[in-house]
Amino acid sequence: MSAAEVVVHRDADLLAAATAARLITRIADVQAEQGSASVVLTGGGTGIAILEQVRHSPARDAIDWAKLDLYWGDERFLPAADDERNEKQAREALLDHVPLDPARVHPMAPADGEFGADPDAAADAYARLLAGSASDGWVPVFDITLLGLGGEGHTASVFPDSPAVHERERSVIAVRDSPKPPPTRVSLTLPAIRRSAEVWLVTGGAAKADAVALAVAGAPEAQLPVAGARGARRTLWLLDEAAAAALPRTRP
Ligand SMILES: O=C1O[C@H](COP(=O)(O)O)[C@@H](O)[C@H](O)[C@H]1O
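Residues numbered from 1 in each chain as written. Predicted model: local features only at pLDDT ≥ 70, side-chain atom pairs only at ≥ 80, totals over all residues. Heavy atoms only, no water.

Looking now at helix 3 (residues 86-93). Taken together, the buried positions of helix 3 are Asn86, Glu87, Gln89, Ala90 and Ala93. Along the axis of helix 3, the buried residues cluster in a sector spanning 165 degrees; they form a single face. Buried positions along helix 3 lie against strand 2 (37-41), helix 2 (44-56), strand 3 (68-72) and strand 4 (74-76). (Buried < 20%, exposed > 50% of the residue type's maximum accessible area, 1.4 Å probe, protein only. Helix = DSSP H or I, 4+ residues; strand = E, 2+ residues; numbered from the N terminus. Arc of directions from axis to C-beta. Contact = heavy atoms within 4.5 Å.)

Let us now look at the side chain of Thr155. On the secondary structure map, Thr155 appears in the loop between strand 6 (144-147) and strand 7 (172-175). A polar contact is formed between the side chain of Thr155 and the backbone oxygen of Gly148, at a distance of 2.7 Å. The residues contacting Thr155, other than those within four sequence positions of it, are Leu147, Gly148, Leu190, Leu201, Pro225, Val226 and Ala229. (Polar contact = N/O pair within 3.5 Å; in protein donor to acceptor, adjacent residues only side chain to side chain.)

Ordered in space as 4-8-7, the 3 strands form an open sheet in which the pairing is antiparallel. Of all strands in the sheet, those bounded by a partner on one side alone are strand 4 and strand 7. Sheet twist, expressed as the mean angle between neighbouring strand axes with direction ignored, is 15 degrees. As paired elements, strand 4 and strand 8 (residues 185-188) share 3 bridges and run antiparallel to each other. Following the sheet pairing, Glu75 is matched in strand 8 by Val186. Contacting strand 7 and strand 8, helix 4 (residues 119-132) crosses the sheet at an angle of about 165 degrees to strand 7. (Pairing = 2+ DSSP bridges. Axes fitted to C-alpha atoms, helices over the stretch in contact; angles between N-to-C directions.)

On to the sheet that holds strand 5 (residues 105-106), then. In a beta sheet, neighbouring strands pair by backbone hydrogen bonds and run either parallel or antiparallel. Taken together, 7 strands build an open sheet; the order of strands is 1-10-9-6-2-3-5 and the sheet is parallel. Two strands in the sheet have a free side with no partner beyond their single neighbour: strand 1 (4-9) and strand 5. Two strands pair when backbone bridges link them, and strand 9 (residues 198-203) and strand 10 (residues 234-240) are joined in this way by 6 bridges, in the parallel orientation. Within the sheet, the bridge partner assigned to Trp200 lies in strand 10 and is Leu236.

Of all hydrophobic cores here, the largest spans 77 residues; its most connected members are Leu41, Leu68, Leu95, Val172 and Leu188. Per-element tally for this core: the top contributor is helix 1 (residues 12-34), with 7 residues. Setting aside chain neighbours within four positions, we find Leu68 in contact with Ile27, Gln31, Ala37, Val39, Ile63, Leu100 and Arg104. (Core = buried A, V, L, I, M, F, W, Y, C linked by side-chain atoms within 4.5 Å.)

What follows deals with helix 2. Between its first and last C-alpha, helix 2 extends 19 Å over 13 residues, near the 18 Å set by a 1.5 Å rise per residue. Tucked into the core, helix 2 has its buried residues touching helix 1, strand 2, helix 3 and strand 9. (Expected span 1.5 Å × (residues − 1).)

Here we take up the packing of helix 2 against helix 3. One way to put it is that helix 2 packs onto helix 3 with a least axis distance of 8 Å and a crossing angle of 25 degrees. By the angle class used here, helix 2 and helix 3 are roughly parallel. As for how helix 2 packs across helix 3, the hand of that crossing is right-handed. Contacts between helix 2 and helix 3 involve Gly44, Ile48, Leu51, Glu52 and Arg55 from the former and Asn86, Gln89, Ala90, Glu92 and Ala93 from the latter. (Parallel < 35°, antiparallel > 145°, perpendicular 65-115°, else oblique. Left-handed = near helix turned anticlockwise from the far one by under 90°.)

Here it is as structure tokens:
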């Protein structure tokens, strides 16, 4: 697994704009190298702000949108039309505004979808979908996985000291009793996240500072799940100054 790299931007707006620029460039590079690219999207304030910045970027069509596979790291298990759905927010921020191939956009099922109100069935279906595009029959090697985090150390919907953080076999799990609303969610597991070539952990704000510093220092993932989110080739922390405030200073 890769060692953590940290890049700090002045504030939340610059963090979102710079990450959008980085994302466009990396996707274009991967497409030039291998024809297509895969990205795992995150919800949350920073994750959606990045997508809005991509939408407004004059460089956005450096991406070949028809050759991009999109997945989600987690989803709030709510009806499809609920404004809190990560998928709905991502579509409004970017996905509805670019010429994606709909067959390559892979949302997690909503609570009023084909699996009804059964999050385990939705999680199992997503695991099957991932397995179907994986060279190892389990999880694809995602080119870039975007993740946010909570101040208590959750990432995707893997919360501290929850059953999800101890999952080693399944790639996707249902989460009940999430401490952050809504209580029912579907999430990639940490071993599935670690199939990614690159994991980008993107967050801003002072409320995240302690979790960031502990994770970068290598805290145990059972207590701080975000510490277990690492890419096989690269683990990149993209922060604003407030979120980086508790990191040890290495520069004058
Ligand atoms: O609920 C969620 O929250 C986290 C972090 O969100 P933020 O607004 O504090 O940045 C996000 O990573 C996750 O995808 C989402 O479901």
